[in-house]
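Listed below, chain by chain, are the residues.
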Amino acid sequence: MKRRILSVLLTAAMAVTLLAGCGSDGSKDGEKSDSADGKVTLKVFSNLPDRKNGQGLVEQMIIDEYMEKNENVNIEVEALDEEAYKTKFKAYSMEGMPDVVSIWGRPSFLDEVLEAGVLAELDEADYSDYGFISGSLEGFKKDGKLYGLPRNTDVAAFYYNEKIFKENK
């Protein structure tokens, strides 16, 4: 369990840190949100609306800690539940994306936003020593190019009725 929590923390911290220098305001022309005084505002769009528990809390703690250590960076978070998130995400793909977004590692979801040209390509070599499990980046690729990083893993369990299985061998 500790390893899983550490993995979530490291991945989330890496995601926030990765884009700290981007500072786009989500507009299609790539206009910077850097101000004349050197301050940068990053917009984060998250599908973790509960910022007081679970992964949403972890994500918020990492963001708060990052801003504390980097006083020139302000991170604005917009967090919606999954269905509202999906709807607004599609609108953002037409209007211009926030700087950091959550995305499901499914080609059906990724393809749509890639066609809109709103996600930046990542250099996979930059993450070669992060310890990602083999195959975990595949859901964030298209045509061999990487567009996202896993934030966490989901665990699925199957339960079965042992009595029924024995009776129906």
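Residues numbered from 1 in each chain as written. Predicted model: local features only at pLDDT ≥ 70, side-chain atom pairs only at ≥ 80, totals over all residues. Heavy atoms only, no water.

J.: What exactly am I supposed to notice about the overall build of the chain here?
T.: For the chain, the count of helices and strands is five helices and five strands. The order of α-helices and β-strands along the chain, N terminus first, is α-β-α-β-α-β-α-β-β-α. The buried share among the 169 residues of the chain stands at 32%. Of the contacts formed within the chain by residues at least 6 apart in sequence, a portion of 59% connects residues at least 24 apart. Counting every atom, the chain has about 11,200 Å² of accessible surface; 52% of that belongs to carbon and sulfur. (Helix = DSSP H or I, 4+ residues; strand = E, 2+ residues; numbered from the N terminus. Buried < 20%, exposed > 50% of the residue type's maximum accessible area, 1.4 Å probe, protein only. Contact = heavy atoms within 4.5 Å. Areas by Shrake-Rupley, 256 points an atom, 1.4 Å probe, with all protein chains shown as cover.)

J.: Just to check I follow, could you spell out the side chain of Ser 102 for this structure?
T.: When you line up the elements, Ser 102 lands in the loop between β3 (100–101) and α4 (107–116). Within polar-contact distance, the side chain of Ser 102 engages the side chain of Arg 151 at 3.0 Å. Setting aside residues up to four positions removed in sequence, Ser 102 forms contacts with Phe 45, Ser 46, Asn 47, Tyr 85, Phe 89 and Arg 151. (Polar contact = N/O pair within 3.5 Å; in protein donor to acceptor, adjacent residues only side chain to side chain.)

J.: How should I be thinking about the packing of aromatic side chains in this particular structure?
T.: The geometry of an aromatic ring pair is captured by the separation of the ring centres together with the interplanar angle, meaning the angle of the planes. On inspection of all chains with the given rule, the structure shows six aromatic pairs. When the centroid spacing of 5.4 Å and the interplanar angle of 70 degrees are considered together, the rings of Tyr 127 and Tyr 130 count as edge-to-face. Put simply, the rings of Phe 45, Tyr 85, Phe 89 and Tyr 92 touch in pairs and so form one group of aromatic residues. (Phe/Tyr/Trp six-rings, centres within 6.5 Å; stacked < 30°, edge-to-face > 60°.)

J.: Can you help me understand the side chain of Ser 46 in this one?
T.: Among the structural elements, Ser 46 can be located in strand β1 (residues 40–46). Taking the relative accessible area as the measure of exposure, Ser 46 reaches 0% and is therefore buried.

J.: What is the right way to look at helix α3 (residues 82–95) in this model?
T.: Because each turn of an α-helix spans 3.6 residues, side chains separated by three or four positions in sequence point in the same direction. Under the 1.5 Å per step criterion, the end-to-end length of α3 is 20 Å for 14 residues, consistent within 8% with the ideal 20 Å. Taken together, the buried positions of α3 are occupied by Tyr 85, Phe 89, Tyr 92 and Ser 93. The buried residues of α3 occupy an angular sector of 100 degrees when projected down its axis, which confines them to one face. In α3, the exposed residues that point more than 90 degrees away from the buried face are Glu 83, Thr 87, Met 94 and Glu 95. Structurally, α3 contributes buried residues whose contacts are with β1, β2 (73–79), β3 and α4. (Expected span 1.5 Å × (residues − 1). Arc of directions from axis to C-beta.)

J.: So what exactly am I meant to see when it comes to the sheet that holds β1 here?
T.: Sheet architecture is open: three strands sit in the order β2-β1-β3, paired in parallel fashion. Two strands lie at the open edges of the sheet, namely β2 and β3, each paired on one side alone. In the sheet, β1 pairs with β3 via two bridges, with the strands oriented parallel. Bridge assignment links Val 44 to a residue of β3, and that residue is Val 100. The strands touched by helix α2 (residues 54–69) are β1 and β2; relative to β2, the strand with the most contacts, the crossing angle is about 165 degrees. In the packing of α3 onto the sheet, contacts are made with β1, β2 and β3, and the angle to β1 comes to roughly 135 degrees. (Pairing = 2+ DSSP bridges. Axes fitted to C-alpha atoms, helices over the stretch in contact; angles between N-to-C directions.)

J.: Would you mind showing me how to read the nonpolar core here?
T.: Nonpolar side chains in soluble globular proteins generally cluster together in the buried interior. Phe 89, Ile 103, Leu 110, Val 113, Leu 119 and Leu 146 are the most contacted members of the largest nonpolar core, which totals 20 residues. No other element matches α4, which puts four residues into this core. Residues Val 40, Tyr 66, Val 73 and Val 100 belong to the second largest nonpolar core, which totals eight residues. (Core = buried A, V, L, I, M, F, W, Y, C linked by side-chain atoms within 4.5 Å.)

J.: What is the right way to look at the pairing of β2 in this model?
T.: The side chains of a regular strand alternate, residue by residue, between the two faces of the sheet. When β1 meets β2, the two strands line up parallel, connected through seven bridges. If you follow Ser 46 over to β2, its bridge partner there is Ala 79. With respect to chirality, the unit in which β1 leads through α2 into the neighbouring parallel β2 is right-handed. (Right-handed = clockwise from strand over helix to strand, strands pointing away.)

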